[in-house]
Amino acid sequence: MDLPCPQWVRHVEQKWTGLGPEGRERFSFLADINDIFNNALSLTHPDDLNTLSIISDKYSVKKSPERASEFREQGNLSFKVKDYTAAALFYSKGICHADKNAEQLSLCYANRSAALFYLSLYKECLEDIRQALEAGYPSHLRDKLITRKTACLNQLSQLEKSNTPAPNNPPPPSQKRSDSLTCTSHGVSVYFSPGKGRHLLATENKLAGEVVLVDEAYGCVLIPGIKLITETEKTVFDTEDRHCHHCLSRTLSSVPCPNCSYARYCDERCRNEAWSQWHQWECAVGADLLVFGVLPHLALRVALKAGQKEVRSAKESSCVMENQPGLFKRDSPARLNFEGHYTKSSEHTDCYHGNSYLGIYSLLPHVGEHSPSLRFLLAVTTATLYKKLQGGPPSDMWASCEDDRGAWKPEMSMLGATVLRHLMQLRCNAQAVTAIRVTEETGTSVQSSNEIRIATAIFPVLSLLNHSCSPNTSIFFTTGFKTNQLTQFSGSSQGDHSETLHSGVTVTLRTSKDLTAGQEILHCYGPHCSRMTVKERQRLLLEQYFFTCDCVACQREQTENKTSEDVNTALGLKCGKCEQPLQAYVERYVCSRPSCSHQIASAEVQKKLQGLQNLLDQAFHLMERDRSDDALRILKSASSQADSILTDTHPVQGELADATARAYATNGDWSRAASHLKRSIVAITAQYGEDSVELGQQFFKLAQLHFNGGDRRATLSVIPKACRLLSLHCGPHCEELQELQEMEHCLK
């Protein structure tokens, strides 16, 4: 939920209507963000706060001993059936809801330690034992913990003797820590031109797969409520249960916030960092932030992290430069030098600020492009949040805005206006942080993976990249502990990047195609030519990003559409009589073969496609309930229907073949599974291209099927194809590549 929940939106819409024509017109003419915020603040009354309180009651983040007990009982049930992952997650939920130093807290820690022990997470198990004892674990039960502690130490000792690292073992804290990982590679520079604004160009030739940028998020917010299934595919948990709320790393042994039941972290260091940067202020209004959505939450975090001093400096610099001409107002692109601190030699939008706060502040808020009603929603939401925050003291970074009596000084409104500025910026500059969710199919060693969105972040340099519906880069996100990936470069544009350690969220940008010197480095904002028509893409880009895309892919498709006028070949659809391709007209499809001229109504085609999708959904549901034979019967029927109207390259054919391969793999029929997966690869190649990460993931699954089926020759022939594509998009250290290398080593 990026923007506020529907109940709050309806409340603000009623306020907007209540302003009347004159009031709405006055608000619509406001162009300065400070004026917009102050106007909304004057319109925010106690009834707005009361409405927010009523709505936020449904999003309670208070500690609850009763809920803690319920989650512990659910964990016990999962533990009894040996679903230790689900058990650990239920116990974690109990830990988050339990009061500090209560017996219920100690019981949850102790029970989780048992689940972690069976998951071979011995260091985490020892930490939970310590926490249980400190929380007052009952004395008559302590012998069990002492026995478990001894067993853990013995296991760790054996691992140490065999030089085997303990699972989930984090890097040692003694390594050097870097303040930031943001860095562009050698041969990449930031340029400015009036038509394109700031953008990245390759100043030398780049081969496909080269890293051109590593950028650290200035701030991120986990997206709540996205369901994640445990490895056994029987219990569903949300993203907030599986990921650290600060660095986004996955964890089964989360550390709770001592004051609320929502925020949880992978370790105490992340908890302390989050508290110092923003959570000390967020904690009391956690339920309200869930009502307001991810973007207002992220806008607040950015402002809190920057602090009064940085915000004031950015605002003053901006005011000074408003009446000074820019240095780069020319037709040809001008190269920008890195400005870690703003100087008075250029305008904000003409300057490259790297990973500093100015890199965020200088992004355009597009005030005029937002509709008046949307501006009003964002402004009233920010003003209401600002008033809620006034119930507590300012954070350390804003403490100077508090008077001797603890009241907020008038200049504290700068915080509210800054949050509103960032909220408007995020509409165009927020980046979805994705992760590959990998689960093993029940009873097999074949993995099923799909990409899910786990958070929204703001990246200072990635935000400078322009869009293409057919980009020449791919992105890969890293969470938690990591070392700087730019150590592979022969040179870089900023700082010392020797062995460094960092905890946070970073994005790595790689070229997906060969680039020549002078070529622009382009990123896809979401609408991609392999997933949407040019008409759909341009509508979405204009609505959210306020521009009409004119990239190469859009130009090509528009040219093709003009030459064929009102008739197009319907990709993936074939004639039910002669199997020749169909041509699409306004409300019907007609066979392209003149002697056939068979036709079918567009509504009938959509009905057939929806029927196939329904059968697919039924098959997935059956497979999740371990009824693969029943799923296969449905899939065979669906495939027979699909073959009558769809070519092998249609996306639905790919989905059916992939699902059928999954069902056969569940039954251990590796040969048939591989045969159907090959069929899905035909559709994937047609949809996403021969150099796509989607194709790489399919080759990875095909290698697993051949390997499990004992087909050495076929496995070795597929591994290089999978390795090439996965290393191109995900880098040389991704988990899939490591597994492929282990397969290859085993077979050779």
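For the structure, see preceding data.
If you're wondering where the values come from, they're calculated on a predicted model, not measured in any experiment.

Cut-off values and rules
Every residue gets a number counted from 1 within its own chain, in the order that chain's sequence is written. The model is predicted, so local features are restricted to residues of pLDDT at least 70 and side-chain atom pairs to those at 80 or more, both for listing and for counting; the totals for chains, interfaces and linings are taken over all residues. Excluded from the side-chain calculations are hydrogens and water; all other atoms, namely the structure's heavy atoms, are used. Side-chain rings of Phe, Tyr and Trp, where Trp is taken by its six-membered ring, are said to pair if the distance between their centres is within 6.5 Å; with planes under 30 degrees apart they count as stacked, over 60 as edge-to-face, and otherwise as tilted. Secondary structure counts use DSSP, requiring at least four H or I residues in a row for a helix and at least two E residues in a row for a strand, with both numbered from the N terminus. Think of it in three bands: residues with accessible area under 20% of the maximum for their type are buried, residues over 50% are exposed, and the middle band is partly exposed, with areas taken using a 1.4 Å probe on protein chains only. A positively charged side chain is recorded as over a ring if its NZ (Lys) or CZ (Arg) lies within 6 Å of the ring centre. The angle to the ring normal must also be within 35 degrees. Two residues form a contact once any of their heavy atoms are found within 4.5 Å. Every helix has an expected span of 1.5 Å times one less than the residues it contains. Only strands that DSSP links by at least two bridges are regarded as paired with each other. In what follows, salt bridge is the name for a side-chain nitrogen of Lys or Arg lying within 4 Å of a carboxyl oxygen of Asp or Glu. Arc definition: directions from the helix axis to the C-beta atoms. Between N or O atoms, a polar contact is any pair within 3.5 Å; within protein, one atom must be a potential hydrogen donor and the other a potential acceptor, and residues adjacent in sequence are included only when both atoms are from side chains.

Enquirer: Sorry, what's going on with the packing of aromatic side chains here?
Expert: Aromatic ring pairs are reported here in terms of the distance separating the ring centres and the angle at which the planes meet. Across all of its chains, the model carries 16 aromatic pairs by this definition. Taken together, a centroid distance of 5.6 Å and an interplanar angle of 65° make the contact between Phe-117 and Tyr-122 edge-to-face. Measuring from ring centre to ring centre gives 5.9 Å for Tyr-218 and Tyr-357, while their planes differ by 45°; the resulting arrangement is tilted. A residue pair is termed long-range when its members are at least 10 positions apart, and Tyr-218 in the loop between β4 (211-216) and β5 (219-222) and Tyr-357 in helix α14 (residues 357-361) qualify at 139 residues. The pair Tyr-218 / Tyr-357 is uniform in exposure class, with both members buried. One aromatic cluster is present, formed by Phe-79, Tyr-84, Phe-117, Tyr-118 and Tyr-122 through successive ring pairs. A cation sits over an aromatic face here: Arg-588 above Tyr-585, 4.8 Å from the ring centre.

Enquirer: Got a minute to help me understand the environment of Thr-381 in this structure?
Expert: Examined against the element boundaries, Thr-381 turns out to sit in helix α15 (residues 372-389). Through-space distance from the C-alpha of Thr-381 to that of Ala-40 is 8.7 Å; in sequence the pair is 341 residues apart. The residues touching Thr-381, leaving out its near neighbours within four places in the chain, are Pro-4, Trp-8, Phe-292 and Pro-296.

Enquirer: Teacher, can you tell me more about helix α23 (residues 693-708) here?
Expert: For α23, with 16 residues, the first-to-last C-alpha span of 23 Å sits near the 22 Å given by 1.5 Å per residue. Most of α23 is tucked away: 12 of the 16 residues are buried. Among the residues of α23, those classed as buried are Glu-694, Leu-695, Gly-696, Gln-698, Phe-699, Phe-700, Lys-701, Leu-702, Ala-703, Gln-704, Leu-705 and His-706. Backbone geometry just downstream of α23 places Gly-710 in the positive-phi region, at approximately 75°.

Enquirer: Teacher, can you tell me more about the pairing of strand β19 (residues 588-591) here?
Expert: Two faces, one strand: in a regular strand the side chains alternate between the faces of the sheet. When strand β18 (residues 581-584) meets β19, the two strands line up antiparallel, connected through 3 bridges. Paired with Leu-582 across the strands is Cys-591, a residue of β19. Where β18 folds back onto β19 in an antiparallel hairpin, the turn is made up of 3 residues. As judged from the 3 bridges shared by β19 and strand β20 (residues 599-601), these two strands associate in the antiparallel manner. Looking at β20, one finds that Arg-588 is bridged to Ala-601.

Enquirer: Is there a simple way to explain the pattern of salt bridges in this structure?
Expert: A pair can form between side chains of opposite charge whenever their charged atoms are brought close. One pass over the structure, following the stated rule, counts 26 salt bridges. Lys-93 is the salt-bridge partner of Asp-241, the closest N and O atoms lying 3.4 Å from each other. Of this pair, Asp-241 sits in helix α10 (residues 239-242) while Lys-93 is found in helix α6 (residues 84-97), placing the two residues 148 residues apart along the sequence. Neither residue differs from the other here; Asp-241 and Lys-93 are each classed as buried.

Enquirer: Explanation requested: helix α3 (residues 33-43) in the structure shown.
Expert: Restricting attention to buried positions, one finds in α3 the residues Ile-33, Ile-36, Phe-37, Ala-40 and Leu-41. Buried residues in α3, looked at end-on, bunch into an arc of 135°, giving them a common side. On its buried side, α3 packs onto α2 (20-28), α15 and α16 (413-429). Of the residues that open α3, the one with a side-chain oxygen 3.0 Å from the backbone nitrogen of Asn-34 is Asp-32.

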